[in-house]
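Residue strings, one per chain:
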Amino acid sequence: MITPSTLVGDYAADGYVVVESLFTDKECDTLKQEACEVLKNHGAANATVCVGAAVHSSAFRNLADDPRVIDLLRPLIPEGVMFLSDKIVFKSGENTFATPWHIDAFYWAGTRPKLSVWIPLDDVSADNGTLKVVRGSHHREWTSRRGSGEETGGEFGNVITDEVWDAADEVICEIPRGSAVIFSDRLVHGSCTNTASADRYTIISTYHAPAADESFDEQFPARHVVV
Ligand SMILES: O=C(O)CCC(=O)C(=O)O
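Parameters at a glance
- Residues numbered from 1 in each chain as written.
- Predicted model: local features only at pLDDT ≥ 70, side-chain atom pairs only at ≥ 80, totals over all residues.
- Helix = DSSP H or I, 4+ residues; strand = E, 2+ residues; numbered from the N terminus.
- Rg over C-alpha atoms; globule rule 2.2 N^0.38 Å.
- Buried ≥ 20, exposed ≤ 12 C-beta atoms within 10 Å, placed from the backbone.
- Near = placed C-beta within 6 Å.
- Nonpolar A, V, L, I, M, F, W, Y, C, P; charged D, E, K, R; others polar.
- Core = buried A, V, L, I, M, F, W, Y, C linked by C-beta atoms within 7 Å.
- Contact = placed C-beta atoms within 7 Å.
- Pairing = 2+ DSSP bridges.
- Axes fitted to C-alpha atoms, helices over the stretch in contact; angles between N-to-C directions.

**Here we look at the overall build of the protein**
Working step 1: Helix and strand counts for the protein stand at six helices and twelve strands.
Working step 2: Its C-alpha atoms give the protein a radius of gyration of 16 Å, near enough to 17 Å, the size a compact globule of 227 residues would have.
Working step 3: Along the first, second and third principal axes, the C-alpha atoms of the protein reach 40 × 40 × 40 Å.
Working step 4: Sorting the 227 residues of the protein into buried and exposed places 39% on the buried side.

**Some thoughts on the site of the ligand**
Working step 1: All residues in the neighbourhood of the ligand are listed as Val89, Thr99, Asp104, Leu131, His189, Ser191, Thr202 and Ile204.
Working step 2: When contributions to the shell around the ligand are tallied by element, the ones reaching two or more residues are β10 (189-191) and β11 (200-208).
Working step 3: Per-class residue counts for the shell around the ligand are three nonpolar, four polar and one charged.

**Brief notes about the nonpolar core**
Working step 1: Within the largest apolar cluster, 49 residues are counted, with the highest numbers of intra-cluster contacts made by Ile88, Ile182 and Ile203.
Working step 2: The element that contributes the greatest number of residues to this core is strand β3 (residues 82-91), accounting for six residues.
Working step 3: Discounting chain neighbours no more than four positions away, the residues touching Ile182 are Tyr11, Tyr16, Val17, Leu72, Leu76, Leu115 and Val117.

**A look at the sheet that holds strand β8 (residues 170-172)**
Working step 1: Strand order in the open sheet formed by three strands is β8-β5-β10, and the pairing between neighbours is antiparallel. With partners counted over all chains shown, the strands left at the sheet margins are β8 and β10, one partner each. Here the average twist between neighbouring strands, direction ignored, is 25°.
Working step 2: As paired elements, strand β5 (residues 131-134) and β10 share three bridges and run antiparallel to each other. Directly across from Val133, in β10, lies its bridge partner His189.

**What to know about the pairing of β5**
Working step 1: For β5 and β8, the ladder comprises three bridges, and the chain directions are antiparallel. Along β8, the bridge assignment pairs Val133 with Val171.

**Section: unusual backbone geometry**
Working step 1: For Ser21, which is not a glycine, the phi torsion comes out positive at approximately 55°.
Working step 2: Residue position: Ser21 is located in the loop between β1 (16-19) and α2 (25-42).
Working step 3: With 13 C-beta atoms counted inside 10 Å, the residue Ser21 sits in the partly exposed group.

**Description of the environment of Phe220**
Working step 1: One can find Phe220 in the loop between β11 and β12 (224-225).
Working step 2: Given 18 C-beta atoms within 10 Å, Phe220 falls into the partly exposed group.
Working step 3: Taking the C-alpha atoms as reference points, Phe220 and Gly52, separated by 168 residues in sequence, lie 7.3 Å from one another.
Working step 4: Among residues more than four places away in sequence, those in contact with Phe220 are Leu84 and Ser85.

**What to know about the pairing of strand β4 (residues 114-120)**
Working step 1: β4 sits mainly inside the fold: seven of its seven residues count as buried.
Working step 2: Every second residue of β4 is oriented toward a common face, with Lys114, Ser116, Trp118 and Pro120 on one face and Leu115, Val117 and Ile119 on the other, all of them buried.
Working step 3: With seven bridges joining them, β4 and β11 adopt antiparallel strand pairing. The residue bridging Val117 from the neighbouring strand is Ser205, located in β11.
Working step 4: Here four bridges tie β4 to strand β9 (residues 180-184), and the two strands are oriented antiparallel to one another. Across the sheet, residue Ser116 finds its bridge partner in β9, namely Phe183.

Next up, the structure:
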């Protein structure tokens, strides 16, 4: 069982922690339905990523502040917890490509450290394109190159240049829906290819310590201090 001290120690050592079954099947059904509505009304055509679910949906606004998530984040961000933004990321029968290996800090270079909470709304396995991470990779420095449209579906622009690590550190996160993977913005991660062509809907919420807005933050209208 995860306790605050194992959570903090594991996160520091590995760059991520997995907490299984935080949300019920019923909650996942409701959130998946809501994700489909947000995608329908606010998603770009053919896109598999939709930023700002909490801007459009009270269900996702509530999820961002849910005590089951926030209680896990308190010890990881002891200065306080500020929600920055969230996004729906899905794979499906039509969109099966693997999210390429990257670190999120490539997308917000020069800003304060952040972590993200990845919550699948379908049961996830290698077959339907679950998240994979490289344990301990947040301790290293990484560089990026522009991803080609073909390998990223045109949506993931930053790809790790130097994919060299111990294969034993690659972890495929096969977990029930409603679980959470909490990971550092310096952790190398990507996804498996969705060879099953089955739904894999996820909500990813990003947090950092409360502070005056950096200019990067201003594009996210749902940002707010939670703790
Ligand atoms: O859910 C995924 O495929 C990973 C998404 C991801 O890594 C990201 O949006 O930064």
